[in-house]
Amino acid sequence: MKWSPSPQPNTSISGGNETASTSAVTQTHCDMVANPNQCSSILGTNTLFSETLALYNGYQLHRLTKFYRDRLEQAIEEGVEEISSMLTQKECFSPQEHKKLTELAHSGRKRQSSKLLLNLVMGKGSQARIMMWESFVEMRPTLPKLKKIMTEIQEQAIQRLHKETLQKQCEKLEVKTILIKEKVRTFQLVDRYTELTIISDLRHRKLVEHELLARGRDHEEWRQKQLRGELEKIRTDKLFHSSFSKINHLPSSQGSGSDPPTGTSAVVSGVAGIGKTTMVQKIVHDWATGKIYPHFHFVFVFKFRDLNRLHDRATLSRLILEQYPYLRDVLDELWKHPERLLFIFDGLDEFRTRIDFADRRRDTEPQRRCTDPGFLCDVSDILYSLIQKKLLPGCSVLVTSRPTALQLLAKARVCVWAEILGFVGEERREYFHKFFEEQELAAAVYSHVEENELLLTMCYNPSYCWILALSLGPFFTRKHSNKKQVPKTITQLFSYYIYNILSHHSVKMESPRDVMLKIGEMAFAGVSQGNIVFSDEDLIQYNLQPSQFLSGFLMELMERESSEHIVVYTFPHLTIQEFVAALAQFLPQNAENLRKLLNNAHKEKDGRFEIFLRFVAGLSSPRAAQPLEEFLGPFVQQTICVVINWLTEKFRTHTKFSKSTSGKRKLLNTLHYLFESQNQALAQQTLGSVQTLTFGDHSPEKALRLTPIDCVVVSQAIGLCTTIKQMDLRSCYIQDEGLQRLVPALHKCQELQ
C-alpha cells in the first residue's frame, strides 16, 4: 500500500467559499466521523466508490483530478477506448470526440489519447468529472495502475477519518469538581494540559515500601539532578526517537531514510495519578492533528481495563475492528506495512491476566504462538508477540504502567524505558492557576500550599494537586472561613475532600455511615489484593447496588467508566481508596479485630499498607475526624483507643530495633503515624524518653534516603524529645530543602552523625 505524499486537505468548509490546501482526497469524509459504520460501507467497496465521489463538491473533485492528473494519464492508457465509449453513452462526449480518441488509441498513440480524454473532461465541468470517475470504477479491475490510485484515495480517506475519530475522542479533558454546580467540567485538552517531566531513567528495584513513597524519594533525587542539568528529559514527541533507545530504530528524519525502520517498544512508568492516561491522550491528540510522529500512519489505543472483559481468545484484527469498524476493508493492507503502525496499551497494572515475558513456552507451544493478526490467541499472547517482534515485526508499541507491574516486563524486548517524574518547579503553580478560573483564588490556595512543606512536596503528582485544589478551595472562597482550620496533614486534607462530597449529597442518603462502611470494606479488599478496578460483581459482593453509582455521593466518590461491553469503577486516586479503607475501620461498633488487622498490615514487606496505616493513625485525631462525624456520626471511642495503644507499642518496639534497613523504615513510618495523629500527649509520652534516632549508616545501602516530608516529620519528632544523645543521618541523601526543615530542631542533638 503506497501512500501519496500529498498534503492533507483543509477541514474547514463553509458553503461555497472553500479554502483548501493542495489535495481534496479526504475532505468530505471529515464530517462523517460521527457515523463510522456508514463510512465503512461507502469507502469499503468498488461498487460504492461512486457514492464516495458524490460526497465531494465540484471544487474538491476538480482538485482531486488535478492532483492525480499525471498518474491518471499513464494509468488509463490501455482503457481509453472503453472509458470514452462509456462517457459517450452518457452524452458526456460527442461522437466526434469519441472518434478522435479511438483513432489515437488505435494508431498506437495511447498516451496522447489518455491526455486528450483528461483535457476534454477537465474542460466540461464538474458533472463530466463525476462521470469519468464513475467509469473508472467499472474499469478498476482491468487497469492495475488505476486500481492502485483508487485504492490510495480510499485509504487516505480512511486514514483521515481515523485521525478525525481519534481527535474527537481526545480533544476534551474532563475534570471532576465539587466546588461548583457542574459535576464534571469539560475543557479543551490543549488549554488545560500541563506538561509533565518524563525522564529516560527507570528504577528497577523490588518495592519494599509503598510506590508513592518510594517514587517520592526518587523524585527528590531526580529534582536535584535536573537542577544540576544531569537529568535527561524526554518530550512526548521524542519517545520513539533513536537517541533514547537501546537499539537503533526509527530514523530521526521521520521515516525519510532509505533503511526501513525496525519499530520501537517503549514503556512509560508512573505512580498512580501521575498522568499516564492523560499523557497517552495528549500523544494521540497531537498525532491525530499532525503535530507529531508523521511516520505512523495509524495509531491504535487500548486500555487494559477494557481488555479484562475478554475471557475468550481473540484476534488482533478483531480487537481493532471492535473499536474502529471503518477499517474493515483496509486492514489487510495495513498489516503489509507494520513499520507505519503504533499500538498503545494503557495501564498494564490493571490487567488481570499475567504476562510473563520470561515464559519461553509462548515460543514453543503452538496454541500460544501469535504470528499473524488473524490468529486466535489470548490477549496476553497478542501483547507479548507485538512487543517481542513475533507479530507484525517493525510495528511500534507503547505500554504504560504503575511501578508495581514493571517486573513483568523485565525480560521484554523494550527499547525505551521512561518514567513520568510529574511536576517540577513552576509546573505546580501553573496547575493551580489553570484549575481555578479566579486567579486570586488560585494564588491564595497555592500560597497556602507553598507555606506547608508537606502539601508542597505532594504536588509533584497531578492527582494530589487536584485533591488539594478541591479540598482547599472552599477555605478561601468562604467569606468568614476560619483559616486556622485549613488542613495541615495529609489525613486532614483527605478528610475535607470526603467532607465536601458528603456536604453535597448526604441529605439524599438514608444512611451515609452504612454506605461508607460497605464501600470502605471493598476499598480495603482492593488495597490488600492490589486491585484498583472494580466491577458490578464486586459491588454486589459488598451489598452495594450498581444503580447507586448513577447519581449522588457514590458517583462523586468513585468514577464509573462504561463502554459498549463493560462497566468498571475506580476511585479517582489510589490514596482516596486507601483513605476510604482506613475510614471504614472507625465506623463499625465492634473493634475487636482491629489490632490484628493493623499488625498484619504492618508486617507486609512490599509497603502496600503504609499510607493506609498513616490514614488510620491520622483519623484517631479529633481534628481529622470532626468534619466527617458531622455526616457519619461519632467515631467509636474503643477504636480510637485501640489505634493509640497500637501506635505506642509500635514506636517503643521500633526505637529499640532500628539497626537494619527494614527496622529504620518501620521507625520512620511510626514517626509518620505520630505526625498524622497530631496527638501531642501521645507523642510526648513516646518521644520524651528517646535517646537515639538512627536512620543512617556508613553504607548507603543500609541508610534511608530522607525526603523533605520525612525531614518535616523527623524535625517535629526531635522537637518533642527532651534531648537526643545521638542522631545518625549518614548517607541519608538529605538535600537543601530537607536540611532547611531539620535545622531548627538539631540543637537538641548532643551528637550528630
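Look up a bit, the structure's there.
Please read all numbers here as calculations on a predicted model, not as lab measurements.

Draft legend 1. Inspection of the pairing of strand 6 (residues 341-346) at higher detail. Most of strand 6 is tucked away, with six of its six residues classed as buried. Residues Leu-341, Phe-343 and Phe-345 line one face of strand 6 and the alternating positions Leu-342, Ile-344 and Asp-346 line the opposite face, and both faces are buried. Here strand 5 (residues 298-303) pairs with strand 6 via six bridges, running parallel. Across the sheet, residue Phe-300 finds its bridge partner in strand 6, namely Phe-343. As paired strands, strand 6 and strand 7 (residues 396-401) are joined by five bridges and run parallel to one another. Bridge pairing in strand 7 places Ile-344 opposite Leu-398.

Draft legend 2. Structural view of helix 18 (residues 426-435). Every buried residue belonging to helix 18 is among Glu-427, Arg-428, Tyr-431, Phe-432 and Phe-435, and all of these are buried. Take helix 18 and look down its axis: the buried residues cluster within an arc of 140 degrees, on one side only.

Draft legend 3. Representation of empty space enclosed by the protein in the model. As enumerated under the stated definition, the model contains six cavities of 30 Å³ or more in all. Around the second largest cavity, the lining residues are Leu-671, Leu-674, Phe-675, Gln-678, Asn-679, Gln-680, Ala-683, Leu-687, Val-713, Gln-716, Ala-717 and Leu-720. For the lining of the second largest cavity, the secondary-structure elements that each account for two or more residues are helix 31 (661-677), helix 32 (680-687) and helix 33 (708-720). Examining the composition of the lining of the second largest cavity, we find that four residues originate from one element, helix 33, more than from any other. Among the residues forming the lining of the second largest cavity, the class breakdown is eight nonpolar, four polar and no charged.

Draft legend 4. Expanded view of the sheet that holds strand 5. Taken together, six strands build an open sheet; the order of strands is 3-8-4-7-6-5 and the sheet is mixed. Strands with a single pairing partner mark the edges of an open sheet, and in this sheet they are strand 3 (197-199) and strand 5. Averaged over all neighbouring strand pairs, the angle between strand axes comes to 20 degrees, with direction disregarded. Two elements, strand 4 (residues 265-269) and strand 8 (residues 416-422), share four bridges in a ladder whose sense is parallel. Residue pairing across strands places Ala-266 opposite Val-416, the latter belonging to strand 8. Across the sheet, helix 14 (residues 316-323) touches strand 5 and strand 6, and the angle it forms with strand 5 is around 90 degrees.

About the cut-offs
- Residues numbered from 1 in each chain as written.
- Predicted model: local features only at pLDDT ≥ 70, side-chain atom pairs only at ≥ 80, totals over all residues.
- Heavy atoms only, no water.
- Buried < 20%, exposed > 50% of the residue type's maximum accessible area, 1.4 Å probe, protein only.
- Helix = DSSP H or I, 4+ residues; strand = E, 2+ residues; numbered from the N terminus.
- Pairing = 2+ DSSP bridges.
- Arc of directions from axis to C-beta.
- 1 Å grid on protein atoms, 1.4 Å probe; cavity = no way out; pocket = protein on both sides within 12 Å on 5 of 7 lines; lining within 4 Å.
- Points joined across faces, edges and corners; volume = space filled by probe spheres on them.
- Nonpolar A, V, L, I, M, F, W, Y, C, P; charged D, E, K, R; others polar.
- Axes fitted to C-alpha atoms, helices over the stretch in contact; angles between N-to-C directions.
- Contact = heavy atoms within 4.5 Å.

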